[in-house]
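Residues per chain, in single letters:
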Amino acid sequence: MTLKYKMPRINFQWPRDNWRTIFVTLAILSIAFFILAPQPKVIDGKLNIYEAQTVLKLQQPDKPWYRAVDAIYLLPAQAVSKINGNYLDAARLVSSSLVLVATVLFYFLVKAWFNRRIALVGVFIFLTNSLVLNFAHQAVSWSAIILSSVAVFASLNWFLRTKKHTLASFLTFISVIALSAYLPYGLWFILVGMIGLILYGRKNLRKLKPWQLIAAGTIYLLILTPLFISLAGAPGQLKELLGIPAQTTNLKGFGTNLLLIFSSIFVYAKSEPVLMVGNLPLLDIFTAALVVLGIYYFVKRIRHRRSLLLFSSSALLILVLALNDRFMLFIGVLLPIIYAFAIAGLIELMKRWFSYFPRNPLARNFGVAMLVIAISLTSFYQMERYYVAWAQSPETRAVYMIEYNK
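Remember, predicted model here, so these are calculated numbers, not experimental data.

### Quick word on the overall build of the chain
- Within the chain, the secondary structure is distributed over 19 helices and two strands.
- Expected size for 406 residues packed as a compact globule is a radius of gyration near 22 Å; at 22 Å, the chain falls within 12% of this value.
- Reported as C-alpha extents along the three principal axes, the dimensions of the chain are approximately 80 × 65 × 45 Å.
- For the chain, with 406 residues in total, the buried portion stands at 48%.
- Taking the intrachain contacts of the chain between residues at least 6 apart in sequence as the baseline, contacts between residues at least 24 apart amount to 77%.
- About 20800 Å² of surface is accessible on the chain, with carbon and sulfur atoms providing 68% of the total.
- Counting 39 positive and 14 negative side-chain charges, the chain places the averaged centre of each group 20 Å from the other.

### Things to note about the side chain of Thr-396
- With respect to the secondary-structure elements, Thr-396 resides in helix H19 (residues 394–399).
- In contact with Thr-396, other than residues within four places in its own chain, are Val-42, Pro-273 and Trp-390.

### Here we look at the environment of Gln-237
- Residue placement: Gln-237 occurs in helix H13 (residues 237–242).
- On a C-alpha basis, the gap between Gln-237 and Lys-203 in space is 36 Å, while along the polypeptide they are 34 residues apart.
- Discounting chain neighbours no more than four positions away, the residues touching Gln-237 are Tyr-66, Arg-67, Ala-68, Val-69, Ser-230 and Leu-231.

### Some words on the nonpolar core
- Formed by 125 residues in total, the largest nonpolar core has its most connected members in Phe-114, Trp-142, Ile-261, Leu-334, Leu-335 and Tyr-339.
- Among residues more than four places away in sequence, those in contact with Ile-261 are Ile-318, Leu-321, Ala-322, Phe-327, Ile-331 and Leu-334.

### With respect to a nonpolar patch on the surface
- A contiguous nonpolar surface patch, about 470 Å² in accessible area, is contributed by Trp-353, Phe-366, Met-370, Ile-373 and Leu-377.
- Sort the elements by how many residues they give to the nonpolar patch and helix H18 (residues 361–390) lands first, with four residues.
- Along the chain, the position of Ile-373 falls in helix H18.

### Focus: the packing of aromatic side chains
- Per the counting criterion, the structure on display carries 16 aromatic pairs.
- Between Phe-311 and Phe-341, the ring centres sit 5.4 Å apart and the planes meet at 40°, which makes this aromatic pair tilted. Within this pair, whereas Phe-311 is found in helix H16 (residues 305–321), its partner Phe-341 is found in helix H17 (residues 335–356), the two being separated by 30 residues in sequence.
- Overall, Phe-341 belongs to the buried group, its relative accessible area being 6%.
- A cation over an aromatic ring shows up here: Arg-301 above the ring of Tyr-297, its NZ or CZ 3.7 Å from the ring centre.

### As for helix H12 (residues 210–233)
- Look at H12: 34 Å from first C-alpha to last across 24 residues, which is about the 34 Å you get at 1.5 Å a residue.
- Maximum bend of H12: about 45°, positioned at Leu-224, with proline Pro-226 one to four residues after it.
- Among the residues of H12, those classed as buried are Gln-212, Ala-216, Leu-224, Pro-226, Leu-227, Ser-230 and Leu-231.
- For H12, the secondary structure elements touched by its buried residues are helix H9 (166–180) and H13.

### So, the packing of helix H14 (residues 251–266) against H16
- Relative to each other, H14 and H16 sit at 125°, their axes nearing to 9 Å. What the angle tells us is that H14 and H16 run oblique. Viewed along their axes, H14 and H16 form a crossing whose handedness is right-handed. Listed contacts from H16 to Phe-254, Leu-258, Ile-261 and Phe-262 of H14 are Ile-318, Leu-319 and Leu-321.
- Among the residues making up the contact of H14 with H16, the classes are represented as seven nonpolar, no polar and no charged.

### Thoughts on the pattern of salt bridges
- Under the definition given, this model contains six salt bridges.
- Of the charged contacts in the structure, one is a salt bridge between Glu-403 and Lys-46, with a shortest N-O distance of 4.0 Å. Residue Glu-403 is located in strand E2 (residues 402–403), and its partner Lys-46 is located in strand E1 (residues 46–47); the two are separated by 357 residues in the primary sequence.
- A relative accessible area of 28% means that Lys-46 is categorised as partly exposed.
- The partner of Arg-67 in a salt bridge is Glu-240, with the nearest N and O atoms 3.0 Å apart. You can see Arg-67 sitting in the loop between helix H3 (49–59) and helix H4 (71–84) and its partner Glu-240 sitting in helix H13, a full 173 residues away along the chain.

Conventions adopted
- Residues numbered from 1 in each chain as written.
- Predicted model: local features only at pLDDT ≥ 70, side-chain atom pairs only at ≥ 80, totals over all residues.
- Heavy atoms only, no water.
- Helix = DSSP H or I, 4+ residues; strand = E, 2+ residues; numbered from the N terminus.
- Rg over C-alpha atoms; globule rule 2.2 N^0.38 Å.
- Buried < 20%, exposed > 50% of the residue type's maximum accessible area, 1.4 Å probe, protein only.
- Contact = heavy atoms within 4.5 Å.
- Areas by Shrake-Rupley, 256 points an atom, 1.4 Å probe, with all protein chains shown as cover.
- Lys, Arg positive; Asp, Glu negative; His and termini not counted.
- Charge placed at Lys NZ, Arg CZ, Asp CG, Glu CD.
- Core = buried A, V, L, I, M, F, W, Y, C linked by side-chain atoms within 4.5 Å.
- Patch = residues over 30% accessible without salt bridge, like charges linked within 9 Å, V, L, I, M, F, W, Y side chains within 5 Å.
- Salt bridge = Lys/Arg side-chain N within 4 Å of Asp/Glu carboxyl O.
- Phe/Tyr/Trp six-rings, centres within 6.5 Å; stacked < 30°, edge-to-face > 60°.
- Lys NZ or Arg CZ within 6 Å of the ring centre and 35° of its normal.
- Expected span 1.5 Å × (residues − 1).
- Bend = angle between axes of the 7 residues up to and from the residue.
- Axes fitted to C-alpha atoms, helices over the stretch in contact; angles between N-to-C directions.
- Parallel < 35°, antiparallel > 145°, perpendicular 65-115°, else oblique.
- Left-handed = near helix turned anticlockwise from the far one by under 90°.
- Nonpolar A, V, L, I, M, F, W, Y, C, P; charged D, E, K, R; others polar.

Laid out in structure tokens, this is it:
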């Protein structure tokens with residue numbers, strides 16, 4: 001009797017059914033790569049004090065169960081450095097990769113909340129923000145914090161909306177919040193995510209079998225085990241993970257910081273030459289106006305879970321940021337939320353324009369054209385602000401005075 005080997009049949013059904021998603025994802029990654037690829041000369045072979053700390057941690061690595069803070073950023077950077085032999089470039093490459101992933105997740109999140117066209121526009125203005133560009137080129141875990149905030153919202157949204165992939169989406173959400181615990185401010189993302197899960201995810205939770213819940217809990221505890229061991233040996237790390245400085249500001253300073261946070265976003269920023277140009281605010285005038293409109297958009301829908309999650313998470317993060325006099329170093333944690341408001345503001349603006357001209361195609365097309373021009377100019381301004389203004393600023397050169405030696 002002869003045995004015949006039968007070749008397994010390759011299933012091409014999923015790529016055929018999801019070709020548009022695959023194409024858009026590759027397009028976003030390609031555009032993001034070309035936007036992020038240029039590296040300002042001012043940082044070539046030089047690093048700031050925060051990058052120097054990262055390089056030192058990579059040169060003298062600790063196991064996650066000894067030093068857990070930023071472990072999920074440092075471990076990939078350590079792995080890449082073994083390939084290219086350059087700690088600084090490895091850490092910066094990891095930062096760029098994390099921003100790329102955050103951009104794709106931000107697209108799918110906005111697409112689920114609104115629609116595909118708005119999501120593409122939203123990704124473009126988010127990615128070209130000067131601070132996002134800066135994070136992508138820094139050998140610091142700021143990029144991982146951005147990814148963490150987007151991933152928590154995206155994975156929670158997937159679980160709340162899915163009908164076919166309940167277990168996969170739940171395991172993804174559990175893994176994301178567990179990994180987020182290793183980053184500064186990550187515990188606050190976990191808090192918001194868990195509140196959203198309890199309030200809005202009970203229907204899908206009931207679909208899970210007991211063994212599936214046990215498996216998810218096991219995965220969660222396995223991921224967090226090194227963190228628990230690390231905190232048991234050095235409890236002081238908990239403050240870093242919460243984003244609380246060793247010495248918090250007093251009540252007067254807290255109030256001042258609250259005002260400065262809003263000012264730094266919209267009007268006049270507190271100087272931080274490592275990240276910003278002079279005292280320019282985080283947002284340009286057009287995006288700031290969109291954010292205000294977006295806040296109005298969500299206030300009108302205050303009972304919707306998106307609105308409650310966005311307002312609660314932004315309020316919580318702003319209050320925690322205000323405890324730190326160096327809040328500018330971590331103000332980027334608000335960027336995904338800020339741009340979610342900006343995208344909603346864009347929708348509100350378009351709705352108002354179309355309501356004024358419901359049947360005039362010339363006026364409607366003129367409004368769309370003006371928005372395209374405004375968004376293009378905004379993105380160009382933000383990119384010039386980072387690649388030209390920040391890169392050539394004397395203040396920037398002053399903070400990049402440390403020569404990197406392999």
